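Chain and residue survey
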Amino acid sequence: MKILLIGCGKMGGAMLRQWVNHAGNQFTVADPAATELPDGVVHVTKATSLPSAEFDVIVIAIKPQMIEELLPDYIHALKPGGCFVSIAAGCSIATLSGVVGDAAIIRVMPNLAAMVGLGVSGLYANGACTEHQITDVTAFIAQTGRCVPLANEDEIDRLTAVSGSGPGYVFELMRSYVEAAMGLGFDAETARALVFDTITGTVETARQSDASLEELRDSVTSKNGTTQAGLDELRYGGQLDALFENTVQAAYRRAAELK
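Since the model is a prediction, treat every value here as computed from it, not as a measurement.

Scoring rules and cut-offs
- Residues numbered from 1 in each chain as written.
- Predicted model: local features only at pLDDT ≥ 70, side-chain atom pairs only at ≥ 80, totals over all residues.
- Heavy atoms only, no water.
- Core = buried A, V, L, I, M, F, W, Y, C linked by side-chain atoms within 4.5 Å.
- Buried < 20%, exposed > 50% of the residue type's maximum accessible area, 1.4 Å probe, protein only.
- Helix = DSSP H or I, 4+ residues; strand = E, 2+ residues; numbered from the N terminus.
- Contact = heavy atoms within 4.5 Å.
- Pairing = 2+ DSSP bridges.
- Axes fitted to C-alpha atoms, helices over the stretch in contact; angles between N-to-C directions.
- Arc of directions from axis to C-beta.
- 1 Å grid on protein atoms, 1.4 Å probe; cavity = no way out; pocket = protein on both sides within 12 Å on 5 of 7 lines; lining within 4 Å.
- Points joined across faces, edges and corners; volume = space filled by probe spheres on them.
- Salt bridge = Lys/Arg side-chain N within 4 Å of Asp/Glu carboxyl O.
- Phe/Tyr/Trp six-rings, centres within 6.5 Å; stacked < 30°, edge-to-face > 60°.
- Parallel < 35°, antiparallel > 145°, perpendicular 65-115°, else oblique.
- Nonpolar A, V, L, I, M, F, W, Y, C, P; charged D, E, K, R; others polar.

1. Some points on the nonpolar core
Counting 29 residues, the largest nonpolar core has Leu-4, Ile-58, Ile-67, Leu-71 and Phe-84 as its most contacted members. Of all the elements in the fold, those that place two or more residues in this core are β1 (2-6), β4 (55-60), β5 (78-86), α3 (93-100), β6 (104-109) and α5 (153-164). Among the elements that take part in this core, α3 stands out by supplying four residues, more than any other. If we ignore the near neighbours within four places in the chain, the residues touching Phe-84 are Ile-58, Ile-60, Leu-71, Ile-75, Leu-78, Val-100, Ala-103, Ala-104, Ile-105 and Ile-106.

2. A closer look at the sheet that holds β5
If you walk across this open sheet you meet the eight strands as β3-β2-β1-β4-β5-β6-β7-β8, and the pairing is mixed. Edge strands, defined here as strands with exactly one partner in the open sheet, are β3 (42-44) and β8 (145-149). Within this sheet the neighbouring strands show an average axis-to-axis angle of 25°, counted without direction. Pairing of β1 with β4 involves four bridges; the strand directions are parallel. The residue of β4 that forms the bridge with Leu-4 is Ile-58. In the packing of α3 onto the sheet, the strands contacted are β4, β5, β6 and β7 (119-125), and the crossing angle to β6 comes to about 140°. Across the face of the sheet, α5 comes into contact with β6, β7 and β8 while running at roughly 25° to β6.

3. Some thoughts on the environment of Val-59
Considering the arrangement of structural elements, one finds Val-59 in strand β4. Separated by 50 residues in sequence, Val-59 and Gly-9 place their C-alpha atoms 13 Å apart.

4. Digging into α3
Looking only at α3, the buried set comprises Ile-93, Leu-96, Val-99 and Val-100. Buried residues of α3, viewed axially, fall in a sector of 125°; they line one side. Along α3, exposed side chains directed more than 90 degrees from the buried face belong to Ala-94 and Gly-98. Where α3 is buried, its residues contact β4, α2 (67-70), β5, β6, β7 and α5. One or two residues past the end of α3 sits Gly-101, with phi positive at roughly 85°.

5. What about empty space enclosed by the protein?
All told, the structure shown has one cavity of 30 Å³ or more when counted by the stated rule. Approximately 30 Å³ is the volume attributed to the largest cavity. If you trace the largest cavity, you find it lined by Ser-86, Ile-87, Ala-88, Ala-89, Arg-107, Val-108, Met-109 and Ile-156.

6. Quick notes on the pattern of salt bridges
Across all of its chains, the model carries eight salt bridges by this definition. Residue Glu-172 is joined to Arg-175 by a salt bridge in which the shortest nitrogen-to-oxygen separation is 2.7 Å. Of the two residues, Glu-172 and Arg-175 are both situated in helix α6 (residues 166-183); the distance of three residues between them amounts to about one turn of the helix. Owing to a relative accessible area of 43%, Glu-172 belongs among the partly exposed residues under this scheme. Residue Arg-175 is classed as partly exposed on the basis of its relative accessible area, which comes to 43%. Where Asp-218 meets Arg-217, a salt bridge forms, and the shortest distance between an N and an O atom there is 3.0 Å.

7. A word on the packing of aromatic side chains
Tallied over the full model, the rule gives two aromatic pairs. Site record: aromatic cluster; members linked through ring pairs are Trp-19, Phe-27 and Phe-140.

8. Structural notes on the packing of α5 against α6
Two measures define how a pair of helices packs: the angle their axes make with one another and the distance between the axes. Here α5 crosses α6 at 25°, and the two axes come no closer than 5 Å. One way to sum up the angle between α5 and α6 is to call them roughly parallel. Contact residues: α5 offers Ala-161, Val-162, Ser-163 and Gly-164, while α6 offers Gly-166, Pro-167 and Tyr-169. Residue composition of the contact of α5 with α6, by class: four nonpolar, three polar and no charged.

Next comes the structure, spelled out in structure tokens:
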């Protein structure tokens, strides 16, 4: 496929770095501020530099508030039968349709781990999309990690609250965990290594195990032992469950408001 990426900021650039590692697609980036693009990527700084009916897919990776102003200039570059793919958070299909008309549109909600090929993306396609388009777009989004098909835009908002915003939650948990390790006397470098490798190893253990998370937790928790003492504090009064529930609900409400 020939793919045009409008905007190459943090998320668009992260996904592009994974896409170019896979053969089969050709990429053009339209972004006046883009620098140090991967080899083989064509770079243009303005829409007027693009020929008409050139691209199978146009990926919208600009800020939502810029879409109504900038996107109309690029519509001519889409081939007949092509589709728009938007990774602009909080920008609904209805909003995009108001700009590009009755076109095939796929919304994708990625997360930051796309930059290392371990992202989680949710994908929802409008009724104008063909099965072939959905299959092709799902395949190239999956080059950045897991791609989850969604049934409606409300599911995008819910996924945003869990995995889209999730890296922010995890980074904050890691920061707090590192600070606690430093409070025990470890230097910053050692504390980071202990926390990062503990989290990485634990996630991979869970991924490779058929046991539930509760079973895995209990398997490392001896009665009246050190893990039990720590868990008693972490779970006191159900505070951890309540905190995560409140966290994702707040993010979900905000995602719905942004549409």
